Amino acid sequence: MRIALEVWRQRSPEEPGRFVRYETAEASPDMSLLELLDVVNEGLVQNGEEPIAFDSDCREGICGTCGFMVNGLAHGPLQGAAACQVYLRNFRDGETLWIEPFRAKAFPLIKDLVINRSALDRIIAAGGYVTVNTGNAPEANTSTIPKDLAEQAMDAAACIACGACIAACPNTSAALFTGAKITHLGKLPEGQPERGRRALRMVRAAAVEGFGHCTFAGECETACPKSIPLQVITQMNHDYLAARLRGEGRAQPRHIEPGTPKRRR
Ligand code: SF4
Ligand code: FES
């Protein structure tokens, strides 16, 4: 089959980028889109040209490393699939595919299709953890977690931090990602001690990183390769507001010893 690629090429953030057309006669329906990029890159290297920079690792929808826009859709046209799980049989013979990086202020471009997604790591570092000593994995049947809660936690834990929800959102909001991480821990007993603090810190971290506000446009849910549901955003809002109403996260008044001289302003 014949597939033409229009790929965003940009050597560095400082230089302007543009779409460059690539055509190859080696495309086959059973080839993945990333394999087609590999073939194009082999040709570029053989010609002494710079290969297209793109991220990938597992190539089976697990690691969250891959991700770019295909014809304006984050990860391409397949629902519930990452870019590495898109095959050429999902396109028409003779089609031209427009491939460009995820675009968001908080995802600075590094090169071609590669962006820096470390803002997502910083959101997790702000509160995506538990501090209780969980010990070794318990025997499954001794667990007292209701099945529906365990399933909701597992569904939220499926998030692979790819950033497609952000690229698809008209506000570049990280609400689906942050909500997934908050829900994943907040549904389980081990996640309760920090539940309020976690929501406050992670929501604030997302704002500090420059992600936008959620207006429930719903594009994120459609683009998510792990089909994370919008309900995780409701959970995030609930935990955040409950923590605010409880007064969590407010600055504690400093204890000042009597007789301490006032600091000059
Ligand atoms: S919520 Fe879905 S789209 Fe967003 S980062 Fe997680 S897996 Fe990717
Ligand atoms: S390469 Fe790992 S999810 Fe695509």
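Residues numbered from 1 in each chain as written. Chains lettered and ligands numbered in written order. Predicted model: local features only at pLDDT ≥ 70, side-chain atom pairs only at ≥ 80, totals over all residues. Heavy atoms only, no water.

Where an unreviewed UniProt entry is consulted, the protein appears under the name Succinate dehydrogenase iron-sulfur subunit, with the organism given as Polyangium jinanense. What UniProt records for the protein under Catalytic activity (unreviewed entry) is the sentence "a quinone + succinate = fumarate + a quinol". For the record of the protein, the UniProt heading Sequence similarities (unreviewed entry) holds the text "Belongs to the succinate dehydrogenase/fumarate reductase iron-sulfur protein family." (UniProt positions renumbered as here; feature names shortened; annotations may be inferred.)

Here we take up the sheet that holds strand 4 (residues 73-74). An order of 2-1-5-3-4 is seen for the five strands of this open sheet, with the pairing classed as mixed. Edge positions in the open sheet fall to strand 2 (18-24) and strand 4, since each of these has one partner strand only. Bridge analysis of strand 3 (residues 69-70) against strand 5 (residues 96-100) gives two bridges, and the strand direction is antiparallel. Paired with M69 across the strands is E100, a residue of strand 5. Across the sheet, helix 1 (residues 33-46) is in contact with strand 1 (3-9), strand 2, strand 3 and strand 5; its angle to strand 1 comes to roughly 75°. (Pairing = 2+ DSSP bridges. Helix = DSSP H or I, 4+ residues; strand = E, 2+ residues; numbered from the N terminus. Contact = heavy atoms within 4.5 Å. Axes fitted to C-alpha atoms, helices over the stretch in contact; angles between N-to-C directions.)

Turning our attention to the packing of helix 6 (residues 195-208) against helix 8 (residues 231-245). With their axes 8 Å apart at the nearest point, helix 6 and helix 8 run at an angle of 110° to one another. One element, helix 6, and the other, helix 8, form an angle in the roughly perpendicular class. Listed contacts from helix 8 to R195, G196, A199, L200, V203 and R204 of helix 6 are Q235, M236, H238, D239, Y240, A243 and R244. In terms of residue class, the contact of helix 6 with helix 8 is built from six nonpolar, three polar and four charged. (Parallel < 35°, antiparallel > 145°, perpendicular 65-115°, else oblique. Nonpolar A, V, L, I, M, F, W, Y, C, P; charged D, E, K, R; others polar.)

Apart from glycine, the bulk of residues carry a negative phi angle, and the bulk of peptide bonds sit in the trans form. Positive phi is not limited to glycine here, since R59 has a value of about 55°. Note that R59 resides in the loop between helix 1 and strand 3. Of note, F216 is a non-glycine position whose phi angle comes to about 55°, a positive value. Tracing the backbone shows F216 in the loop between helix 6 and helix 7 (219-223). On the basis of relative accessible area, F216 is assigned to the partly exposed category, the value being 41%. (Buried < 20%, exposed > 50% of the residue type's maximum accessible area, 1.4 Å probe, protein only.)

It is worth spelling out the packing of helix 5 (residues 175-186) against helix 6 at this point. Closest axis-to-axis distance for the helix 5/helix 6 pair is 10 Å, and the angle between their directions is 170°. Classified by the interaxial angle, the pair formed by helix 5 and helix 6 is roughly antiparallel. Judged by residue contacts, T178, K181, I182, L185 and G186 of helix 5 engage R195, R198, A199, M202, V203 and A206 from helix 6. Residue composition of the contact of helix 5 with helix 6, by class: six nonpolar, two polar and three charged.

Turning our attention to the side chain of K181. Of note, K181 is situated in helix 5. Comment: no salt bridge for buried K181; closest opposite-charge side chain is D121, at 8.9 Å. Among the polar contacts listed, one links the side chain of K181 to the backbone oxygen of C159, at a separation of 3.3 Å. Once you skip the residues sitting within four places of it in the chain, K181 turns out to touch I124, C159 and M202. (Lys, Arg positive; Asp, Glu negative; His and termini not counted. Salt bridge = Lys/Arg side-chain N within 4 Å of Asp/Glu carboxyl O. Polar contact = N/O pair within 3.5 Å; in protein donor to acceptor, adjacent residues only side chain to side chain.)

Here the domain parsing of the protein yields domain 1 (3-111) and domain 2 (118-131 + 143-245). Each of domain 1 and domain 2 has a C-alpha centre, and the two are 28 Å apart. Domain 1 puts 17 residues into the contact, and the matching count from domain 2 is 20 residues. Interface area, domain 1 with domain 2, both sides summed: about 1,300 Å², of which 63% is carbon and sulfur. Looking only at domain 1, the three residues that lose the most surface to domain 2 are G64, A106 and F107, adding up to 31% of its buried area. Counting the contacts that link domain 1 with domain 2 gives zero salt bridges. Linking domain 1 with domain 2 are one residue pair in polar contact (both at pLDDT 80 or more). Looking at the side of domain 1 that touches domain 2 residue by residue, the classes come out as eleven nonpolar, five polar and one charged. (Domains from an automatic or database assignment. Buried area = accessible area lost by both parts, 1.4 Å probe.)

Attention now goes to the environment of E248. Tracing the chain through its elements places E248 in the segment after helix 8. Taking the C-alpha atoms as reference points, E248 and R197, 51 residues apart in sequence, are found 6.8 Å from one another. With sequence-adjacent residues up to four places away left out, E248 is seen in contact with G196, R197, L200 and A243.

Moving on to the site of ligand 1. Around ligand 1 sit C159, I160, A161, C162, G163, A164, C165, L176, F177, C224, P225 and I228, and that is every residue in its neighbourhood. Those elements that place two or more of their residues in the shell around ligand 1 are helix 4 (164-168) and helix 5. In terms of residue class, the shell around ligand 1 is made up of eleven nonpolar, one polar and no charged. (Near = heavy atom within 4 Å.)

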